[in-house]
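Observations on chain architecture
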Amino acid sequence: MPSSSSASSASSLWRDGDFRRLWVGQTVSQLGEHTTLVVLPLFAVLVLDAGAGQLGVLRAVGQAPILLLSLFVGAWVDRWRTRTVMVLADAGRAVVLGAAAGAGVVGWLGLPVVFGVAFVVGALSVFFDVAYQASLVRLVRREQLIPGNSALEGSRSAAQIGGPALGGALVSLLSAPVAAAFGAGFFVVSFLSIRRIGRREVVPERVERRVWRRILEGLRFVAGNASLRVVCLASAAFQFSFAAVMTVYLLFLPRDLQLSGTVVGLALAATGPGALVGSVLAGRLPGRFGYGRVLVWAALVADGVFLWLPALHGSPAVTVPVLLVVNFVFGAGGQLVNVTVMAVRQAVTPPGMQGRAAATITFVGMGLTPLGSLLGGFLAGTWGTRAGLGVAAAGMLLSPALMALSPLARLGRTLPR
């Protein structure tokens, strides 16, 4: 059971109007992002008949900004108001997706345009994601980090419920331009909500240093902290393998299992309810069993469940329920890991380093995802989707193994300082 102090912190958090505006904007922005992440690959596969290699390239192009921009964005975010960064990122994504919708109406939405849209949306998403992670520390008290992170990650979970299902349905039943227009609309709503945040942020005092020096300070800080070093390595192992898994997965579902775009979206959407459960558990389990134990076991269960996928055969009446269970378990365990890791990272990082620490972990953890996507396309094209899916899923188990062998596994029931 949660303590009375944690319940009081959560209650006071929801009475804060600025936090509610951040939460609403985050929810809607993530809904737009998750809709787009499904719309673009499905449109490429189902409408443009993209092959395994092309799908791998498309996903890699969308993920490349993480590798190219994360460190710079972290250095900049520590010197800017996070509210400003988030509203500009939302505005930019709305404009780009609106332009893509217009290009689709006149018949110009070919693969080159889809690649360009994926890259720009991915770049702006890097700005938004780094900024919202740093914004929470500037808005709430230390004891509210766990309920605050649970709420924000829960909003991402809600987006995972609606985004894939809506994206798959829109591409399948209507058209990619309509789906892109919906995504643009979500970002407009997020823009309107976040720009209403009225609290003046306490931005860390600016010290005039070159951007490379600020980046190096962030790298040194993360490298010098044992817990954050392991977070980086485990995240890199997971994200690289998961990128390969998802590339093969998006080919496996419509082609091997013969599922429609709508059913693919619904199957992927099962991650959302699981993630909502994971967000709730993240507010309870670490304080009862210890942060380290929760991290290791949640990652092991969430990553290991994908090993069941290559064995799936048969009609949708058999495969779809199994897919729903797999995605639900993955969502619950993955979200439990995400919320717990974020709280640990925020607790051990000083305010003036929050943006750079988040960006450094994103850079190291997510920087290999373009290569993972390319590997997934190569595995599917060379070995077939079933064998490729099995190899990529096995690689995901390296992440919990790294955490189990590290000081991170020994974290107790309270956040480190």
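Here is what the cut-offs are and how they apply
- Residues numbered from 1 in each chain as written.
- Predicted model: local features only at pLDDT ≥ 70, side-chain atom pairs only at ≥ 80, totals over all residues.
- Heavy atoms only, no water.
- pLDDT = per-residue confidence, 0-100.
- Helix = DSSP H or I, 4+ residues; strand = E, 2+ residues; numbered from the N terminus.
- Polar contact = N/O pair within 3.5 Å; in protein donor to acceptor, adjacent residues only side chain to side chain.
- Contact = heavy atoms within 4.5 Å.
- Expected span 1.5 Å × (residues − 1).
- Buried < 20%, exposed > 50% of the residue type's maximum accessible area, 1.4 Å probe, protein only.
- Arc of directions from axis to C-beta.
- Axes fitted to C-alpha atoms, helices over the stretch in contact; angles between N-to-C directions.
- Parallel < 35°, antiparallel > 145°, perpendicular 65-115°, else oblique.
- Left-handed = near helix turned anticlockwise from the far one by under 90°.
- Nonpolar A, V, L, I, M, F, W, Y, C, P; charged D, E, K, R; others polar.
- Patch = residues over 30% accessible without salt bridge, like charges linked within 9 Å, V, L, I, M, F, W, Y side chains within 5 Å.
- Areas by Shrake-Rupley, 256 points an atom, 1.4 Å probe, with all protein chains shown as cover.
- Salt bridge = Lys/Arg side-chain N within 4 Å of Asp/Glu carboxyl O.
- Phe/Tyr/Trp six-rings, centres within 6.5 Å; stacked < 30°, edge-to-face > 60°.
- Lys NZ or Arg CZ within 6 Å of the ring centre and 35° of its normal.
- Core = buried A, V, L, I, M, F, W, Y, C linked by side-chain atoms within 4.5 Å.

On average, residues of the protein carry a pLDDT of 81, and 88% of them reach 70 or more. When mean pLDDT is compared element by element in the protein, helix α18 (residues 398-404) scores highest at 93, while helix α1 (residues 4-14) scores lowest at 56.

Here we come to the side chain of Thr-35. Along the chain, the position of Thr-35 falls in helix α2 (residues 17-47). In terms of polar contacts, Thr-35 uses its side chain to reach the backbone carbonyl oxygen of Leu-31, at 2.8 Å. If we skip the residues at most four places from it in the chain, Thr-35 touches Gly-163, Leu-166, Gly-167 and Phe-186.

Turning to unusual backbone geometry, a few remarks are in order. Unusually for a residue other than glycine, Gln-258 sits at a positive phi of about 55 degrees. When you line up the elements, Gln-258 lands in the loop between α9 (226-256) and α10 (261-269).

Quick look at helix α8 (residues 211-224) now. Compared with an ideal rise of 1.5 Å per residue, which puts 14 residues at 20 Å, α8 spans 20 Å between its outermost C-alpha atoms and is within 8% of the ideal. Every buried residue belonging to α8 is among Arg-214, Ile-215, Glu-217, Gly-218 and Val-222, and all of these are buried. Buried positions in α8, seen along its axis, are confined to an arc of 155 degrees and lie on one side of it. Exposed and oriented more than 90 degrees from the buried face of α8 are Trp-212, Arg-213, Arg-220 and Gly-224.

Before going further, it helps to spend a moment on helix α11 (residues 271-282). Its 12 residues place the ends of α11 16 Å apart at the C-alpha level, agreeing with the 16 Å of an ideal helix rising 1.5 Å per residue. Within α11 the residues assigned to the buried category are Thr-271, Gly-272, Gly-274, Ala-275, Gly-278, Ser-279 and Ala-282. For α11, the arc enclosing every buried residue in end-on projection is 155 degrees, short of the 170-degree limit, so these residues lie on one face.

Moving on, we get to the packing of α9 against helix α16 (residues 369-383). Running from N to C, α9 and α16 cross one another at 40 degrees; their axes reach a closest spacing of 7 Å. Classified by the angle between their axes, α9 and α16 sit oblique to one another. Every pair of crossing elements has a handedness; the one defined by α9 and α16 is right-handed. Residues Gln-239, Phe-240, Ala-243, Ala-244, Thr-247, Val-248 and Leu-251 of α9 pack against Thr-369, Leu-371, Gly-372, Ser-373, Leu-375, Gly-376, Gly-377 and Ala-380 of α16. Here the contact of α9 with α16 is built from residues that sort into 8 nonpolar, 7 polar and no charged.

A few words on a nonpolar patch on the surface. There is a patch of nonpolar side chains on the surface, built from Val-57, Leu-368, Leu-371 and Leu-374 and spanning about 310 Å² of accessible area. With respect to the helices, strands and loops of the structure, Leu-371 is situated in helix α16. Look at Leu-371 and you get partly exposed, because its relative accessible area is 48%.

The next point concerns the packing of aromatic side chains. We describe a pair of aromatic rings using the distance from one ring centre to the other and the angle between the two ring planes. Considering all chains together, one arrives at 7 aromatic pairs under this definition. Centroid distance Phe-242 to Phe-306: 6.2 Å. Interplanar angle 70 degrees. Geometry classified as edge-to-face. With Phe-242 in helix α9 and Phe-306 in the loop between α13 (291-304) and α14 (316-348), the pair connects residues that are 64 residues apart, well separated along the chain. The class for Phe-242 is buried, based on a relative accessible area of 18%. Using a relative accessible area of 1% as the deciding quantity, one classes Phe-306 as buried. Considering the side-chain rings of Phe-242 and Phe-330, the 5.2 Å spacing of their centres and the 25 degrees angle between planes classify their relative orientation as stacked. Residue Phe-242 is located in helix α9, and its partner Phe-330 is located in helix α14; the two are separated by 88 residues in the primary sequence. The same class applies to Phe-242 and to Phe-330, which are both buried. Members of the aromatic cluster, joined through ring pairs, are Phe-238, Phe-242, Tyr-249, Phe-306 and Phe-330. The ring of Phe-128 carries the charged tip of Arg-93 above its face, separated from the ring centre by 4.9 Å.

Right, let's get into the packing of α16 against helix α17 (residues 385-395). The contact between α16 and α17 brings their axes to 7 Å, and the two run at 140 degrees. Taken as axis vectors, α16 and α17 run oblique relative to one another. The element α16 and its partner α17 pack so that their crossing is right-handed. Along the contact surface, α16 presents Leu-379, Ala-380 and Trp-383, while α17 presents Thr-385, Ala-387, Gly-388 and Val-391. When the residues that make up the contact of α16 with α17 are grouped by side-chain class, the tally is 5 nonpolar, 2 polar and no charged.

Looking now at the environment of Ala-44. Relative to the helices and strands, Ala-44 is located in helix α2. Placed 66 residues apart in sequence, Ala-44 and Gly-110 show a C-alpha to C-alpha distance of 8.5 Å.

So, about the nonpolar core. One finds Tyr-249, Leu-253, Leu-268, Phe-306, Leu-309, Leu-323 and Phe-330 to be the most contacted residues of the largest nonpolar core, which totals 57 residues. For this core, the leading source of residues is α9, giving 11 residues. Setting aside its immediate chain neighbours within four residues, Leu-309 contacts Tyr-249, Phe-252, Leu-323, Val-326 and Leu-389. In terms of nonpolar packing, the next biggest core, distinct from the first, is built from 24 residues, Leu-228, Tyr-291, Val-337 and Leu-408 among them.

What follows is about the pattern of salt bridges. Across all of its chains, the model carries 3 salt bridges by this definition. Between Glu-33 and Arg-93 there is a salt bridge; the shortest N-O distance is 3.5 Å. Note that Glu-33 is positioned in helix α2 and Arg-93 in helix α4 (residues 82-105), a separation of 60 residues in sequence. Taken as a pair, Glu-33 and Arg-93 share a single burial class, namely buried. For the salt bridge of Arg-356 with Glu-217, the shortest nitrogen-to-oxygen distance reads 2.7 Å. Of this pair, Arg-356 sits in helix α15 (residues 354-366) while Glu-217 sits in helix α8, and the two are 139 residues apart along the sequence. When salt bridges with common partners are traced through the structure, they connect Glu-33, Asp-90 and Arg-93 into a single cluster.

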